[in-house]
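Chains, contacts and geometry: an overview
Each chain, written out:
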Amino acid sequence: MDCIFCRIIAGESPAEVLYENSAAIAILDNRPIHYGHTLVIPRVHCNDFLSLPSDSMSGMMEATQKICRALVDCFDLKGFNIFCNNGEVAGQSVFHFHWHVTPRYPNDDIRFELKLKHYPDGSMAEHADRIRKLIHSTV
């Protein structure tokens, strides 16, 4: 497997490491949206969020929260985004799951252009029922 994040975790590729715990490593993105844009990466290789082992989740969240607090204090932020891309259609380019944490500023020209939909009468409940059935069948 040729994974840049696995090589960084193994110390075989350079990175600006900001934080580490037993489940995660946080590094500066080398192509940032804004300075301070950080990637929080699980130590275990997994392609996407759905393959992230449950025992890594709390360490990932702990690392993400520490990074967010440090970025807010460092850059005097009023906001930030936490996001991940899962699958090529969603913009994923490195197939080792990771969170992006990026600082946000007023008038920074970053837009998530959404075309919001409305559920036709009754279909919201139908969608919810289908999703709930799947959630409860996999528990």
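Below, the structure is looked at part by part. Counting starts from 1 at the beginning of each chain's written sequence and moves along it residue by residue. Under the rules for a predicted model, residues below a pLDDT of 70 receive no local features and side-chain atom pairs below 80 are neither given nor counted, while totals for whole chains, interfaces and linings still include all residues. The side-chain figures draw on all heavy atoms in the structure; neither hydrogens nor water molecules are used.

**Points about the side chain of H100**
Numbering goes from the N terminus for both helices and strands, where a helix is a DSSP run of H or I of at least four residues and a strand is a run of E of at least two. Considering the arrangement of structural elements, one finds H100 in strand β5 (residues 99-104). A relative accessible area of 10% places H100 in the buried class. Throughout, a contact is declared for two residues whenever any of their heavy atoms are within 4.5 Å. Here H100 is in contact with D29, H37, T38, L39, N81, I82, F83 and N85, once residues within four sequence places are set aside. Residue burial is assigned from relative accessible area. The probe radius is 1.4 Å, only protein chains are included, and a residue is buried under 20% of its type maximum, exposed over 50%, and partly exposed in between.

**Things to note about the layout of surface pockets**
Throughout, the protein atoms alone are placed on a 1 Å grid, and a set of points is a cavity if a 1.4 Å probe fits but cannot get out or a pocket if it is open with protein on both sides within 12 Å along at least five of seven lines; lining residues have an atom within 4 Å of a point. Grid points are joined across faces, edges and corners, and a volume is the space filled by probe spheres set on the points. Its boundaries defined by the atoms lining it, the largest pocket holds a volume of some 410 Å³. Around the largest pocket, the lining is made up of 20 residues, and of these F5, D29, N30, L39 and V94 lie nearest the centre. Put simply, the parts of the chain that give the lining of the largest pocket at least two residues each are α1 (4-9) and β2 (24-28). Counting residues per element, the lining of the largest pocket draws most heavily on α1, which supplies three residues. Only Asp, Glu, Lys and Arg are considered charged, only Ala, Val, Leu, Ile, Met, Phe, Trp, Tyr, Cys and Pro nonpolar, and every remaining residue, Gly among them, polar. Residue classes in the lining of the largest pocket are distributed as nine nonpolar, eight polar and three charged.

**Section: the pattern of salt bridges**
Salt bridge, as used here: a side-chain nitrogen of Lys or Arg that lies within 4 Å of a carboxyl oxygen of Asp or Glu. Within the structure shown, the criterion is met by six salt bridges. R43 is paired through a salt bridge with E20; the nearest N and O atoms lie 2.6 Å apart. Note that R43 is positioned in the loop between β3 (38-42) and α2 (54-75) and E20 in strand β1 (residues 17-20), a separation of 23 residues in sequence. E20 gets classed as partly exposed once you look at its relative accessible area, which sits at 46%. Salt-bridge contacts for E62 lead to K66; the nearest nitrogen and oxygen are separated by 4.0 Å. Residue E62 and its partner K66 are both found in helix α2; the two are separated by four residues, about one turn of the helix.

**Digging into the nonpolar core**
V40, M60, I67, F97 and V101 are the most contacted members of the largest nonpolar core, which totals 14 residues. Going through the elements one at a time, β2, α2 and β5 are the ones with two or more residues in this core. Ranked by residues supplied to this core, first place goes to α2 with five residues. Not counting residues up to four positions away in its chain, the partners in contact with V40 are A24, I25, A26, M60, A63, T64, I67, H98, W99 and V101. Buried residues of nine kinds, namely Ala, Val, Leu, Ile, Met, Phe, Trp, Tyr and Cys, make up a nonpolar core once their side-chain atoms join them within 4.5 Å. With seven residues, the next largest nonpolar core counts C3, F5, L39 and I41 among its residues.

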